[in-house]
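# Structural characterization, general
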Amino acid sequence: MLRLPLFASGALCAAMLLSACTTTSDPVAGTWVEPIPGMPGKVQGFRLEADGSASSVNMATLTTERWKREGDRLILEGKSLGNGQTIEYRDEWTVLEAGEVLRLRRADGAERVLERAK
């Protein structure tokens, strides 16, 4: 039987607990884009990092800063900039599909379909 000093066995237990709590990355993490209406060949969207931080893609007046998942809900938060004022925003979507396509629906029925950027 292998005997570890008390501090080593405590460190080993802590490492095992941390690895047991680690989950695989969320399938919505990544960079997602959609065509910009009226601008052929141009895209907009957001980048969702595994640590919960986020950023906007080609959307200078809507800065997405963070995101989280609560079940099938995707919550995006950030700032809307324009007309000399900055307003905090929170946008909630239901995730309908997450793979190479991210299909979202808001409570008002609006839908977005974004593609994973390569």
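For clarity, every value in this text was computed on a predicted model and none was experimentally measured.

### Some points on the nonpolar core
Residues F46, L48, W67, L74, L76, L102 and L104 are the most contacted members of the largest nonpolar core, which totals 15 residues. Looking at this core, the elements that each hand over two or more residues are β2 (43-48), β5 (73-82), β6 (85-98) and β7 (101-105). Per-element tally for this core: the top contributor is β6, with three residues. Setting aside its immediate chain neighbours within four residues, L48 contacts V28, A29, G30, W32, S53, A54, W67, L74 and L76.

### A word on the confidence of the model for the protein chain
Scored by pLDDT, the protein chain has a mean of 84; 80% of the residues are at 70 or more. Across the protein chain, the element-wise mean pLDDT spans from 40 in helix α1 (residues 6-21) up to 98 in β7. Of the regions scoring below 50 in pLDDT, residues 1-23 engages in two contacts with residues more than four places distant in sequence or in other chains.

Reading guide: rules and limits
Residues numbered from 1 in each chain as written. Predicted model: local features only at pLDDT ≥ 70, side-chain atom pairs only at ≥ 80, totals over all residues. Heavy atoms only, no water. Core = buried A, V, L, I, M, F, W, Y, C linked by side-chain atoms within 4.5 Å. Buried < 20%, exposed > 50% of the residue type's maximum accessible area, 1.4 Å probe, protein only. Helix = DSSP H or I, 4+ residues; strand = E, 2+ residues; numbered from the N terminus. Contact = heavy atoms within 4.5 Å. pLDDT = per-residue confidence, 0-100.

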